[in-house]
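The lines below spell out each chain.
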Amino acid sequence: MERRLNPPFCRIGQSNFFPIQKNEAAKIYCGVNKHKPWIETSYHGVITENMDTVLLDPPLVALDKDAPVPFAGEICAFKIFGQDAPFEAVVLNRTSGEGVLRASSHVDCESQKEYTFIIQAYDCGAGPSGADWKKSHKAVVHIQVNDVNEFSPVFRESLYKASVTEGKIYDSILQVEAWDQDCSPQYSQICNYEIVTAGTPFAIDRNGNIRNTERLSYDKQQSYKIMVSAFDCGQKKTKEDVAVQIEVKPVCKPGWQGWNKRVDYEPGTGSKQLFPKMHLETCGGPLSGVKVMVELQTNHIGKGCDRETYSEKSLQKLCGAASGSTDLLPAPSPSTNWTASLLTDSGRDSDLIYRFDGRQATNVPDHVVPQNLTDQFTIATWMKHGPSPGLRAEKETILCNSDKTEMNRHHYSLYVHNCRLVFLLRRDFTQIDTFRPAEFHWKLEQICDKEWHYYVINVEFPAVTLFVDGVTYEPYLVTDDWPIHSSKIDTQLTVGACWQGGVVATSRFTQYFHGSLSGLTIRPGRIETQKVISCLQACKEGLDINSLESLAKDIKFHFNPAQSVLVVEGEDVDSINTAMTKVSYINSRQFPTPGLRRLHITAAVQCFGEETCLSIPDIKAVVMVLVPSEPRITITGSKQHIRPASDLRSPLGVAPFKELRITSTVMKGDAFGGQDSWAFRNILPEPGVMEVMHNLDYCDVLVIGDELNPERESLEIHHSALLGKHLDATNSTSGISIYGVDSMAHYEQALRQLRYRNWRPASLTERRFRLTCSELNGRYTSNEFNMEVSVLHHTAPVEHVNHMAAPSQYMRPVHHPLMIHTINSHMSAPPAATVGIVVCIAALVVIVVIGIYRIHTTHQEGSRDDEDDTKDPEMDWESSALNITVNPMEVTGKCEEEDEEEEDGELVGGMTAAESDKSDEEEEEEEEGREEVNKKKQKEKPEWDSSCGTY
């Protein structure tokens, strides 16, 4: 039975800590709460992240000395004091005071590894209401959050790169590093790395250092790619392995890197960079200067480099040289046959090169040799010459003018002796009678270097100047001599040796030349200018530098005159590397010589205080000039012109090629690569073909059949037709040649104004000509265009009454085949009156039609003359008004007699039997007489005389 306490010691109510249960009768508890609960002063606990139970040391237990008094001796609660401590304390047993500490929310070690807070215990007070409760002292609680290995290691870089030099063993090439987000040292630390890729010569330690296990070779393998994994101390592996790239570099050798051994050059593309990615490796040494020399070697191309391969005459015309030069080594032809026996060096892109082997020479015909050189003249030639064979070298004569017979005097000569060039000039007593300069000597390396050079000797007596490749050289030795006594002995000009006409029993050649010559010319009366000489020997290919403004200020560069050698100097390697990327090759020819051009690059490096400190190996490369698209030159036009004999006798003659057209085409696909340098006119209708414009260097018109007879005919062009053009012309009985480097349009204009005249054409029925044109001295030639000029003569008499039935060649007949067939087949011969009526009606119709046509053609003549200034001023036979002799209605015997007289003089098949017995002079006199009679009759008749009119 419960003990009841009387007030004021008793209270009715419920505990502050443990409320009375529902429907439970209120009870009255009376007692005294004398003591506070007691707990430990500090606690240490551990909780595993992502869990809620805390393990405390010591366990959470509160004691109260009031026990076993109900309420006063019981523990009702634990309270925690601290900011945001995610924990709560729960009383497990009020009587024993046991409690538990647990997480009230998610605990994450990565967010917070430990917590510290205050905890106190509360008893249940003096009764059920919890009144007069007491609390313990404050105890400190330290909670450590245990980590869980929930994260995998992650590498700090997505890709690792390193480079090594071949042949070395490295302790550490590079270090990879991984990390772990876990909070504890056990799980956050990386304890091991592993190379996943098998079969690699690399190893990795626990700290991530990668090393090579064997010596690497650049030639064997230039790069390696390996995959690496990492493990934390809980042996959790990375989810993604990392890639490691290791480049193997060759042993550092100073030299050029990043260059190609071959560079392809497409014709027409202008300037092309040779070394866009090239750089100089110096292995990191301090430098004070770099000097680089780039040499373009073109000695095997043509005459030392890619030059224009036009003929000497065309080149001189192109360069503005004075006319009057004589080509002593022309191409063999019927008119220049003295070079036919000489050896030629073929395969030189149309270059005409003669090779002299010490056994060949030629005499120049007397009619070709200039008779008077005067005090001013020029000798020019291309020459390739090496050291003379034998211990005692003899003279090697290039050009020699000596006595033809009896004596052996040399009047002038050019020869090589012991690698010295000597020019001999002996004047006659008639020109000078004192001791004067006679021999001029030059000692130059170029004379015997086995390379092509252009030599020009300008003579302004007594001064003589030598130009070699455009550079002036004065003679190092000049010897004097007496003049030669004048005589009546003829002289002989020879090339390749000297003619020995006297002293010996048999005249022969001597002092033979060993080497190659080309373009040997002599011009009397004038000397060549420096400008012309430079133009004649100029190279069309060479080195160049692009974007000069982008070069560094410390860069210095210079070219040789031919632009085949480039020297670049600088203080900084980077500046040199930039300058070298700008070096380019250029070829300005529209049709360059295809093939290889060699490049040779040398470099010298200077260090501080030393002349040279690094040896840079030379490099050799090639420029491959691709084959250009070959043009197809085509000549078109009317191939036959029919002209009356009177046109041939006129002062202007006839123009056979007035409808000429010259075109050139290339395949469309081939031309597109170098389109910038081509001058395209338009795309032709043919698929895959494109018309292209370029120059020509000659067009030859040859006579087919018998040569021209200068006494009765000529083929010529007026000088005015060549004005304003780089053209000239030469003619002979074989034809005419127009030459010079000029456009196809100018050649068209000139050829259209070519005139053929024949002032005795009575026996001539036709004249045939053949036209061919060339570019680059025959490298590209046109088709052979044949032209025939047919001559119209009067026909022989034919026995007939009606002139309309058999018109002459000057009449265009009006045929009525159906009517004629009907008359001949079904009807007998009509009466004379019927025939006369029909003829008169037909004549009247023809007169009206022809009258209208003549008015129309007269109106059109003025406009045609304006449109074609090259057209003949005389009547064009094909386009002129018709000449028809008609028999009018009032036909008289007089008209018939006149027509019969005209028909008596006309040709049938070109000549009558009577005319075959007559001489040309008689035929011409008769023709001229008939023409005068006809002109007189036409003047007496009105223009529209219907009795016997000619239209």
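Conventions adopted
Residues numbered from 1 in each chain as written. Predicted model: local features only at pLDDT ≥ 70, side-chain atom pairs only at ≥ 80, totals over all residues. Heavy atoms only, no water. Helix = DSSP H or I, 4+ residues; strand = E, 2+ residues; numbered from the N terminus. Areas by Shrake-Rupley, 256 points an atom, 1.4 Å probe, with all protein chains shown as cover. Disulfide = S-S within 2.5 Å. Buried < 20%, exposed > 50% of the residue type's maximum accessible area, 1.4 Å probe, protein only. Phe/Tyr/Trp six-rings, centres within 6.5 Å; stacked < 30°, edge-to-face > 60°. Lys NZ or Arg CZ within 6 Å of the ring centre and 35° of its normal. pLDDT = per-residue confidence, 0-100. Contact = heavy atoms within 4.5 Å. Pairing = 2+ DSSP bridges. Axes fitted to C-alpha atoms, helices over the stretch in contact; angles between N-to-C directions. Salt bridge = Lys/Arg side-chain N within 4 Å of Asp/Glu carboxyl O. Core = buried A, V, L, I, M, F, W, Y, C linked by side-chain atoms within 4.5 Å. Domains from an automatic or database assignment.

S.K.: Break down the overall build of the chain for me, with residues and values.
M.R.: Each helix and strand counted, the chain has 12 helices and 61 strands in total. A total of about 49900 Å² of accessible surface is found on the chain, and carbon and sulfur atoms cover 50% of it.

S.K.: Explain the state of the cysteines residue by residue, including any values.
M.R.: Linking two cysteines covalently via their sulfur atoms produces the bond known as a disulfide. Enumeration over the complete set of coordinates arrives at nine disulfides. Put simply, cysteine 191 and cysteine 233 are joined by a disulfide, and their sulfur atoms are 1.6 Å apart. One quick way to see it: the torsion about the S-S bond of cysteine 191 and cysteine 233 is about 75°, and its sign makes the bridge right-handed. Residue cysteine 191 is found in strand β16 (residues 190-195), and its partner cysteine 233 is found in the loop between β19 (223-232) and β20 (242-249); the two are separated by 42 residues along the sequence. Relative accessible area serves as the criterion here: at 23%, cysteine 233 is assigned to the partly exposed category.

S.K.: Tell me what's going on with the packing of aromatic side chains, and back it up with residues and numbers.
M.R.: Per the counting criterion, the structure on display carries 16 aromatic pairs. Summarising the aromatic geometry, the rings of tryptophan 499 and phenylalanine 509 are spaced 5.1 Å apart at their centres and angled 75° between planes, so their arrangement reads as edge-to-face. Taken together, the positions of tryptophan 499 in strand β40 (residues 498-500) and phenylalanine 509 in strand β41 (residues 508-510) put the pair 10 residues apart, joining distant regions of the chain. The rings of Phe87, Tyr115 and Phe117 are connected pair by pair, giving a single aromatic cluster. Its guanidinium or amino end placed over the ring of tyrosine 122, lysine 79 lies 5.3 Å from that ring's centre, counting from NZ or CZ.

S.K.: Describe the confidence of the model for the chain, and please don't skip the residues or the numbers.
M.R.: Of the residues in the chain, 77% reach a pLDDT of 70 or more, and the chain-wide mean stands at 78. With pLDDT under 50 throughout, residues 1-30 is counted as low confidence; its partners more than four residues away or in other chains account for 53 contacts. Note that residues 858-951 has pLDDT below 50 and, in this model, 141 contacts with residues that lie over four places away or in other chains.

S.K.: Tell me what's going on with the environment of serine 518, and back it up with residues and numbers.
M.R.: In this fold, serine 518 is placed in strand β42 (residues 514-524). Remark: the alpha-carbon pair of serine 518 and tryptophan 452, spanning 66 residues in sequence, is separated by 9.8 Å. Discounting chain neighbours no more than four positions away, the residues touching serine 518 are Lys303, Leu352, Ile353, Thr381, Trp382 and Trp452.

S.K.: A description of the sheet that holds strand β43 (residues 541-545) should follow, citing residues and the corresponding values.
M.R.: If you trace the three strands from one edge of the open sheet to the other, you get β23-β46-β43, paired in antiparallel fashion. Sheet topology places β23 (271-273) and β43 at the edges, where each strand pairs with a single neighbour. With strand direction ignored, the average angle separating the axes of adjacent strands in the sheet is 35°. Two elements, β43 and strand β46 (residues 583-587), share five bridges in a ladder whose sense is antiparallel.

S.K.: Can you lay out helix α2 (residues 312-319) for me, pointing to particular residues and giving the numbers?
M.R.: Because an α-helix completes one turn every 3.6 residues, residues spaced three or four positions apart along the sequence face the same direction. Those residues of α2 that fall on the buried side of the exposure criterion are Glu312, Ser314, Leu315, Gln316 and Cys319. On its buried side, α2 packs onto β26 (326-327), β30 (376-384), β42, α3 (530-536), β54 (695-704) and β57 (735-743).

S.K.: Break down the pairing of strand β48 (residues 619-625) for me, with residues and values.
M.R.: Both faces of the sheet carry side chains from a regular strand, because those side chains alternate between them. Counting buried positions over the seven residues of β48 gives six, a clear majority of the element. As defined by bridge partners, strand β22 (residues 262-265) adjoins β48 across four bridges and the pair is classed as parallel. Residue pairing for β48: valine 263 is matched across the bridge by valine 623. Relative to β48, strand β47 (residues 595-606) is paired through seven bridges, and the arrangement is antiparallel. From the neighbouring strand, arginine 597 faces β48, where its bridge partner is valine 623.

S.K.: Kindly report on the sheet that holds strand β34 (residues 436-443), identifying the contributing residues and their values.
M.R.: If you trace the seven strands from one edge of the open sheet to the other, you get β29-β39-β31-β32-β33-β34-β38, paired in antiparallel fashion. Each of the sheet's edge strands pairs with one partner strand only, and the pair in question is β29 (362-364) and β38 (477-481). The sheet shows a mean angle of 20° between the axes of neighbouring strands, direction not considered. Looking at chain direction, β29 and strand β39 (residues 491-495) are connected through three bridges and run antiparallel. Bridging from a neighbouring strand, threonine 362 pairs with valine 495 of β39.

S.K.: Any details on the pairing of strand β61 (residues 785-792)? Residues and values, ideally.
M.R.: Of all eight residues that make up β61, six are buried, and the element is covered over most of its length. Relative to β61, strand β50 (residues 640-644) runs parallel, the two being bridged by five bridges. Paired with arginine 643 across the strands is valine 791, a residue of β61. Bridging between strand β59 (residues 766-775) and β61 involves six bridges; their strand directions are antiparallel. Among the inter-strand pairings, phenylalanine 769 is bridged to a residue of β61, identified as methionine 787.

S.K.: So what's going on with the pattern of salt bridges? Residues and values would help.
M.R.: Following the criterion strictly, the structure yields 16 salt bridges and no others. Its salt-bridge partner being arginine 523, residue glutamate 528 comes within 2.4 Å of it at the nearest N-O pair. Of the two residues, glutamate 528 and arginine 523, both sit in the buried class. For the salt bridge of glutamate 748 with arginine 752, the shortest nitrogen-to-oxygen distance reads 3.5 Å. Of the two residues, glutamate 748 and arginine 752 both sit in helix α7 (residues 744-752), four residues apart, roughly one turn of that helix.

S.K.: Would you mind going over the environment of glutamine 181 in detail, with residue names and values included?
M.R.: Of note, glutamine 181 is situated in the loop between β15 (178-179) and α1 (185-188). A C-alpha to C-alpha distance of 7.8 Å links glutamine 181 and serine 152, two positions 29 residues apart in sequence. Excluding its chain neighbours within four sequence positions, the residues that come into contact with glutamine 181 are Glu110 and Phe151.

S.K.: So what's going on with the environment of leucine 566? Residues and values would help.
M.R.: Looking at the secondary structure, you find leucine 566 in strand β45 (residues 565-570). Owing to a relative accessible area of 0%, leucine 566 belongs among the buried residues under this scheme. Taking the C-alpha atoms as reference points, leucine 566 and aspartate 544, 22 residues apart in sequence, are found 8.3 Å from one another. Among residues more than four places away in sequence, those in contact with leucine 566 are Val292, Met293, Val294, Leu543, Ile545, Phe557, His558, Phe559 and Val583.

S.K.: Could you give an account of the nonpolar core, with specific residues and numbers?
M.R.: By size, the foremost hydrophobic cluster in this structure holds 53 residues, and its most contacted members are Phe657, Ile662, Val701, Leu751 and Leu771. Each of domain 4 (312-537) and domain 5 (631-668 + 687-792) accounts for three or more of the residues forming this core. When residues no more than four places from it in sequence are discounted, the contact partners of leucine 771 are Ile635, Phe657, Leu660, Cys699, Asp700, Val701, Leu751, Asn783, Glu784 and Phe785. Tyr412, Val464, Leu520 and Ile522 belong to the second largest nonpolar core, which has 39 residues in total.

S.K.: Describe unusual backbone geometry, with residues and values.
M.R.: Cis geometry is found at the peptide bond from aspartate 57 to proline 58, where omega equals -5°. In this structure, proline 462 follows phenylalanine 461 across a cis peptide bond, with omega equal to 10°. Relative to the helices and strands, proline 462 is located in the loop between β35 (452-460) and β36 (463-468). Positioned with a positive phi, asparagine 418 is a non-glycine residue whose angle comes to about 55°. Residue placement: asparagine 418 occurs in the loop between β32 (410-417) and β33 (420-425). One non-glycine residue, lysine 450, lies in positive phi territory at about 60°. Secondary-structure assignment places lysine 450 in the loop between β34 and β35.

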